[in-house]
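Each chain, written out:
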Amino acid sequence: MKQPCPTDRKDKSLPVLEAAASVFLAHGFSAATTDMIQREAKVSKATVYACFPNKEALFAAVIERECAVMAETVRAIETAPGDIAKTLTDLGLSYLRIVLSPTGLALFRVVVADAVRFPDLARTFYLAGPKVIHHMIAERLEVAAQAGEIDVQAIGIEGAATQFVSVLRGEGQLECLTHPDAHPSTEQLDRWVRMAVTTFLAAFGTANRPPC
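These figures come from a predicted structure and were not determined experimentally.

Further remarks concern helix H4 (residues 55-75). With 21 residues, H4 should reach 30 Å at 1.5 Å per residue; the first-to-last C-alpha distance of 30 Å fits that figure. Listed as buried for H4 are Lys55, Leu58, Phe59, Ala60, Ala61, Val62, Ile63, Glu66, Cys67, Met70, Ala71 and Val74. Among the residues of H4, the N-terminal cap falls to Asn54, whose side-chain oxygen and the backbone nitrogen of Glu56 are separated by 3.2 Å.

What follows deals with helix H8 (residues 130-146). Over its 17 residues, H8 extends 24 Å from the first C-alpha to the last, a length consistent with the 24 Å expected when each residue adds 1.5 Å. Within H8 the residues assigned to the buried category are Ile133, His134, Met136, Ile137, Ala138, Arg140, Leu141 and Ala144. Turning to H8, the residues buried within the fold contact H4, helix H5 (84-99), helix H9 (156-178) and helix H10 (186-204). Looking at the residues trailing H8, positive phi occurs at Gly148, about 80°.

For Ser101, the location among the structural elements is in the loop between H5 and helix H6 (102-113). Engagement of the side chain of Ser101 in a polar contact is seen with the backbone oxygen of Ile98, the distance being 2.7 Å.

Rules behind the numbers
- Residues numbered from 1 in each chain as written.
- Predicted model: local features only at pLDDT ≥ 70, side-chain atom pairs only at ≥ 80, totals over all residues.
- Heavy atoms only, no water.
- Helix = DSSP H or I, 4+ residues; strand = E, 2+ residues; numbered from the N terminus.
- Expected span 1.5 Å × (residues − 1).
- Buried < 20%, exposed > 50% of the residue type's maximum accessible area, 1.4 Å probe, protein only.
- Polar contact = N/O pair within 3.5 Å; in protein donor to acceptor, adjacent residues only side chain to side chain.
- Contact = heavy atoms within 4.5 Å.

Right, dumping it as C-alpha cells:
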C-alpha cells in the first residue's frame, strides 16, 4: 500500500485542522470527539488518524495554528521610532482585538477548562500564544529603552512587558470571560488601551522627567 507523502499529509491536514478548531472551540476539548471532527471535515476517520495520532495531538496543532495567526497580527505592526506612546497604543489595540475576539476568548476558555487534566496542552498554549506575544512586546520595549524613551531598569524589560500586558488585558478580558455575550465596542477598547499606556508611561516614561 502506498504511504502518503508529506505533501499529501499536509494537504489533508488543513481541512482536518479547520474542522477541529470549529469543534473544539464550540464544544470544548473533553466533549469533542474525533467522530465529530471527521464529520465536520468530511473525511474518513483513517484520514484524521493519518494526520494526527490522537485527539491531544490534534488539539495541540489547533492551538499552535490559531496562536500563530494571532501572533502574526502583532508581528506585522510597524512601530513608530521615537513615539513610544503610539507604539504602545498600536500594540495594545492589536493585542486586545486578538484576546477579546470570539476565537481568542473561546480558545482561552477551552484551554483553561482542561488545564488541570491536560497540563501539556495548557503549556503548549502558553508558549505558542501569550509567551510569543509577550516576547514581541518586550522587543519593542527594548528598542524604546535603548532610545531613552523609557527607563525600566528597576524591573527590567521582561518585567515591564509583563506589567503592560497585565494592565492592558485585565479588565477587558475578565469582563468578556464572565459575560459571554459581551462584545467590546471601539470606545471600550480605546479606553482600556489608553489606561494601560497612560499608566505604563507614568511609571516608566522619560519624556516629562527632569534630567538627573
